[in-house]
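Given next are the chains, with one letter for each unit.
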Amino acid sequence: MTEDVNPKISRAVTRVVAGAKDASAVLSVSSTAERHAALEQIALTLENNVEQILEANNEDIEKAREKGTDEGLIDRLRLTDERVRSIAQAVRDVVSLPDPVGEIVEGRRLPNGIHLTQMRVPMGVIGAIYEARPNVTVDIAVLALKSGNASVLRGGSLAQSSNTVLISLLRDALVTAGLPENSINGIDKWGREGARVLMNAREYVDLLIPRGGSELIQTVVMNSTVPVIETGVGNVHMFIDASATVRTTTKLVVNSKAQRPSVCNALETLLVHEKAARRVLPRILEGLNDANVVIHGDPTVAEYAPDGVKVQRATRKDWNKEYLDLEIAIKVVEDIEAAIEHIREYSSGHTDVIVTNDLSNAELFVSTIDSASVGVNVSTRFTDGGAFGLGAEVGISTQKLHARGPMGLTQLTTTKWVMHGSGQVRS
């Protein structure tokens, strides 16, 4: 039993994860067609119950506002008719992706005649702990199901009403499709104590994925006995090189920061080459101001601010900060080497981008920046499972073991070796 956990909660959550383990055994031998039928039923169920989902979501938003939750987090929490239908479409997009289960990674015949293959198989039970993102509930459940895994989900108190309804609907869809309802499970009602049981359910849970702020991620990493894939916070950088054009630069900066500021791939720190500052900064600052972005900058940035654009003095804390809101930190640097040095010191290893027309500088940036996703002349917002063609995603891994970057279907599988022989013995 996990220490300091109410025994009733420990037993209840243990029953859930044990049920998920049983369901995973069924899923591991299910056919692609069976899992696809379940996914189609999930998409249909979501579309047919939009009103019920939004009613629960409104309850969560009202409670969040009563607690004084900031608007950036509320935006992550909020569902709309359009967002629910987009989630349903994302489920169908996952159906269209290749099934990784059973894929042969490599195969060869050994000198002794044994035919050896390495094939992809489901992990088993995927646990996830995340914050205020009801869409993540569906994303993780669906990717786990497609890849033959059961899931146990802890989505946090802020989204409890939304997640309760969503998981109930997903389980109903599974039953309709003929798969075990325990293939998808929620443990929100048992709170943080339930999460602690999940983190230590090594007998039943094969992999645990935390998604959220730094505090949540580190809590899971430091306290879990279940193997963890660490998803990092997004202190995302963009460097404007001396050769970058004003139009392209402004478009990329504003999109990266303002298109949806509350997500982990939104731009947080902008670095500008001193030889480009006079040319590009006025337009960039004007564009950010028009998008209602609060600007934190060094003294040089303030010098180039157009009339009516306010620049707050940036501090060292700003270089470390993941705002997740309409705020940005801007610094003018001497050259690309200074930009790389700054990124190495402050980046969370999520996404970093260079805007340049200099091929050698682009190659230098790509080869020296050690992040999960590195871009040249693109918006940082593209670091996403959907944008990468992976369907939905369970998170963006910033570690280097097993999976790195957006984690889709393949990253939720492991492999096993299969030997076919004709009576060979080892001498």
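Here is a short report on the structure shown in this document. (Residues numbered from 1 in each chain as written. Predicted model: local features only at pLDDT ≥ 70, side-chain atom pairs only at ≥ 80, totals over all residues. Heavy atoms only, no water.)

1. Side note on the packing of helix 3 (residues 50-66) against helix 7 (residues 160-177)
Quick note on the threshold: To define axes, lines are fitted to C-alpha atoms, for helices over the stretch in contact only, and angles between the resulting N-to-C directions are given on a 0 to 180 degree scale. Only runs of H or I of at least four residues qualify as helices and only runs of E of at least two qualify as strands under DSSP, and these elements are numbered from the N terminus. Here the angle decides the label: under 35 degrees means roughly parallel, over 145 means roughly antiparallel, 65 to 115 means roughly perpendicular, and every other value means oblique. Here, two residues are considered to be in contact whenever any of their heavy atoms come within 4.5 Å of each other.
Put simply, helix 3 and helix 7 touch, their axes get as near as 7 Å, and they point 160° apart. The angle between helix 3 and helix 7 falls in the class roughly antiparallel. Residue-level inspection shows Gln-52, Ile-53, Ala-56, Asn-57, Glu-59, Asp-60 and Lys-63 of helix 3 in contact with helix 7, the latter providing Gln-160, Ser-161, Ser-162, Val-165, Leu-166 and Leu-169.

2. Quick notes on the nonpolar core
Note the following rule: Side-chain atoms within 4.5 Å are what join buried Ala, Val, Leu, Ile, Met, Phe, Trp, Tyr and Cys residues into a set we call a nonpolar core. A 1.4 Å probe rolled over the protein chains alone gives each residue an accessible area, and that area as a share of the maximum for its type sets the label: buried under 20%, exposed over 50%, partly exposed in between.
Within the largest apolar cluster, 72 residues are counted, with the highest numbers of intra-cluster contacts made by Ile-42 and Leu-46. Setting aside anything within four residues of it in sequence, one finds Ile-42 in contact with Val-91, Val-142, Leu-145, Leu-170, Ala-173 and Ile-184. Judged by nonpolar contacts, the second largest core, of 27 residues, contains Val-272, Tyr-304, Ile-328 and Val-332.

3. As for the sheet that holds strand 12 (residues 351-355)
Filter applied, for reference: Any two strands between which DSSP finds at least two bridges are classified as paired.
Spatial ordering of the open sheet is given by 10-9-11-8-7-12-13, a layout of seven strands whose pairing is parallel. At either end of the open sheet lies a strand with only one pairing partner, and these are strand 10 (311-313) and strand 13 (373-376). The mean angle between the axes of side-by-side strands here comes to 25°, regardless of whether they run parallel or antiparallel. Judged from the four bridges that link them, strand 9 (residues 294-297) and strand 11 (residues 327-333) form a sheet pairing that is parallel. In the sheet register, Gly-297 faces strand 11, and the bridge partner there is Ile-330.

4. Here's the deal with a nonpolar patch on the surface
Quick note on the threshold: Each patch is assembled from residues with relative accessible area greater than 30% and no salt bridge, linking like charges that lie within 9 Å and nonpolar side chains (Val, Leu, Ile, Met, Phe, Trp, Tyr) that lie within 5 Å. The accessible surface values rely on the Shrake-Rupley method and a 1.4 Å probe; as for residues, cover is taken only from the protein chains in view. The term salt bridge refers to a pairing of a side-chain nitrogen on Lys or Arg with a carboxyl oxygen on Asp or Glu at a separation within 4 Å.
Together, Val-378, Phe-382 and Phe-388 make up a nonpolar patch on the protein surface, roughly 270 Å² of accessible area in all. Within the secondary structure, Val-378 sits in the loop between strand 13 and strand 14 (396-397).

5. Side note on helix 2 (residues 32-48)
For an α-helix, the turn length of 3.6 residues means that residues three or four places apart are oriented alike. As a reminder of what qualifies: One fewer than the residue count of a helix, multiplied by 1.5 Å, yields its expected span.
For helix 2, built from 17 residues, the straight-helix expectation of 24 Å at 1.5 Å per residue is met to within 8% by its first-to-last C-alpha distance of 24 Å. Among the residues making up helix 2, those that are buried are Arg-35, His-36, Ala-38, Leu-39, Ile-42, Ala-43, Thr-45 and Leu-46.

6. Things to note about the sheet that holds strand 1 (residues 104-109)
With respect to topology, three strands assemble into an open sheet ordered 1-2-16, the strand pairing being antiparallel. Since the sheet does not close on itself, it has two edges, and those belong to strand 1 and strand 16 (413-420), each with one partner. Adjacent strand axes in the sheet meet at a mean angle of 20° when their direction is disregarded. Summarising the sheet, strand 1 and strand 2 (residues 115-122) pair through five bridges and their orientation is antiparallel. The partner of Ile-104 across the bridge, within strand 2, is Met-119.

Everything listed here is a matter of geometry and, on its own, says nothing about what the molecule does.
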